[in-house]
Amino acid sequence: AQTVTQSQPEMSVQEAETVTLSCTYDTSESDYYLFWYKQPPSRQMILVIRQEAYKQQNATENRFSVNFQKAAKSFSLKISDSQLGDAAMYFCAYQRALYNFNKFYFGSGTKLNVKP
Amino acid sequence: DAGVTQSPTHLIKTRGQHVTLRCSPISGHKSVSWYQQVLGQGPQFIFQYYEKEERGRGNFPDRFSARQFPNYSSELNVNALLLGDSALYLCASSLVSQSYEQYFGPGTRLTVT
């Protein structure tokens, strides 16, 4: 069974600094997708970044980038130039590719605090 | 375009009662998935419906059921509510059955007393 582990329940970062959130996963599949979602107090899950497992190049979206280590089954999120609006719960998620239905496996989340 | 909408926003029920939660997907999306998010945890997959048929089911008891209507909106029903059913229930829609692009609604907060 697929599992996603986020070992950092809570992290803090100073505004304008860089922070890295960790995620590891367990799977026997070779083709899958990995995601980072942001969930602010408004509760809406917002996609931050997505990585296809078959791509060696790490995904980047503006201030957000990932470090995808397929062999180590590690998928960390780096937030550069942190802003107050980045404060939220961040969830790492896994989806098996080429499967007959959507099923996302989520980690337990990391609460990110941004200090002014 | 409107995003995924869910109703009601909040709900308080008593143990043993029944509850119905509703979800309207993004226009044109034919797939709806339901997730349960207990406080302090990540969302857990309950169901996926595509073209009005159940395509996948998570590890939830038979007290949980769902259906999808011809307009692709969906209902999640929970019978014989337990205190442990208290959670945020999230709905997500996607264009097709297997898609890495899922869009989440704001959720329904269910409290069982």
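Note that the coordinates shown come from a computational prediction; the quantities given were computed from them, not determined experimentally. (Residues numbered from 1 in each chain as written. Chains lettered and ligands numbered in written order. Predicted model: local features only at pLDDT ≥ 70, side-chain atom pairs only at ≥ 80, totals over all residues. Heavy atoms only, no water.)

Looking now at the sheet that holds strand S8 (residues 74–78) of chain B. All names here are of chain B. Across the sheet, four strands lie side by side as S1-S3-S8-S7; this open sheet has antiparallel pairing. One side of each edge strand has no neighbouring strand; the edge strands of this open sheet are strand S1 (5–7) and strand S7 (64–68). In this sheet, adjacent strand axes meet at a mean angle of 20 degrees when their direction is disregarded. Here S1 runs beside strand S3 (residues 19–24); their pairing, made up of three bridges, is antiparallel. Within the sheet, the bridge partner assigned to Ser-7 lies in S3 and is Arg-22. (Pairing = 2+ DSSP bridges. Helix = DSSP H or I, 4+ residues; strand = E, 2+ residues; numbered from the N terminus. Axes fitted to C-alpha atoms, helices over the stretch in contact; angles between N-to-C directions.)

The next point concerns the state of the cysteines. Note: disulfide means a covalent bond formed between the sulfur atoms of two cysteine side chains. Residue and element names in this part refer to chain B. If you walk through the whole model with that rule in mind, you get two disulfides over all chains. Between the sulfur of Cys-23 and that of Cys-91 lies a disulfide, 1.8 Å long from S to S. Around the S-S axis, the bridge from Cys-23 to Cys-91 shows a dihedral of about -60 degrees and counts as left-handed. Of the two residues, Cys-23 is situated in strand S3 and Cys-91 in strand S9 (residues 87–94); the sequence distance between them amounts to 68 residues. You'll find Cys-23 and Cys-91 in the same group, each marked buried. (Disulfide = S-S within 2.5 Å. Buried < 20%, exposed > 50% of the residue type's maximum accessible area, 1.4 Å probe, protein only.)

Let's shift gears to the interface of chain A and chain B. With 24 residues of chain A at the contact, the number on the chain B side is 30 residues. Both sides together, the interface formed by chain A and chain B hides about 2,000 Å², and carbon and sulfur atoms give 47% of it. When the buried surface of chain A facing chain B is broken down by residue, A:Arg43, A:Phe101 and A:Asn102 rank first, second and third, together holding 35% of it. At the boundary of chain A and chain B, one finds zero salt bridges. Elements represented by at least two residues in the side of chain A that touches chain B include exactly strand S5 (32–39), strand S6 (46–52), strand S10 (88–96) and strand S11 (104–106) of chain A. The element contributing the most residues to the side of chain A that touches chain B is S5(A), with four residues. Each residue belonging to the side of chain A that touches chain B can be placed in one class, and the counts come to 11 nonpolar, eight polar and five charged. (Contact = heavy atoms within 4.5 Å. Buried area = accessible area lost by both parts, 1.4 Å probe. Salt bridge = Lys/Arg side-chain N within 4 Å of Asp/Glu carboxyl O. Nonpolar A, V, L, I, M, F, W, Y, C, P; charged D, E, K, R; others polar.)

Moving on: the pattern of salt bridges. Residues and elements named next belong to chain A. Taken as a whole and assessed by the stated rule, the structure comprises 10 salt bridges over all chains. In this structure, the salt-bridge partner of Glu-29 is Arg-96, at a minimum N-O distance of 3.5 Å. Of this pair, Glu-29 sits in the loop between strand S4 (24–26) and S5 while Arg-96 sits in strand S10, placing them 67 residues apart in sequence. Using a relative accessible area of 28% as the deciding quantity, one classes Glu-29 as partly exposed.

Moving on, we get to the packing of aromatic side chains. Think of a pair of aromatic rings as described by two things: how far the centres are apart, and how the planes are tilted against each other in angle. Tallied over the entire structure, the rule returns 20 aromatic pairs over all chains. Centroid distance A:Phe106 to B:Tyr35: 5.8 Å. Interplanar angle 90 degrees. Geometry classified as edge-to-face. Here A:Phe106, found in strand S11, pairs with B:Tyr35, found in strand S4 (residues 31–37), and the two come from separate chains. A relative accessible area of 10% places A:Phe106 in the buried class. Put simply, the rings of A:Tyr33, A:Phe35, A:Tyr37, A:Phe91, A:Phe104, A:Phe106, B:Tyr35, B:Phe45 and B:Phe104 touch in pairs and so form one group of aromatic residues. (Phe/Tyr/Trp six-rings, centres within 6.5 Å; stacked < 30°, edge-to-face > 60°.)

Worth remembering: the numbers are spatial, not functional.
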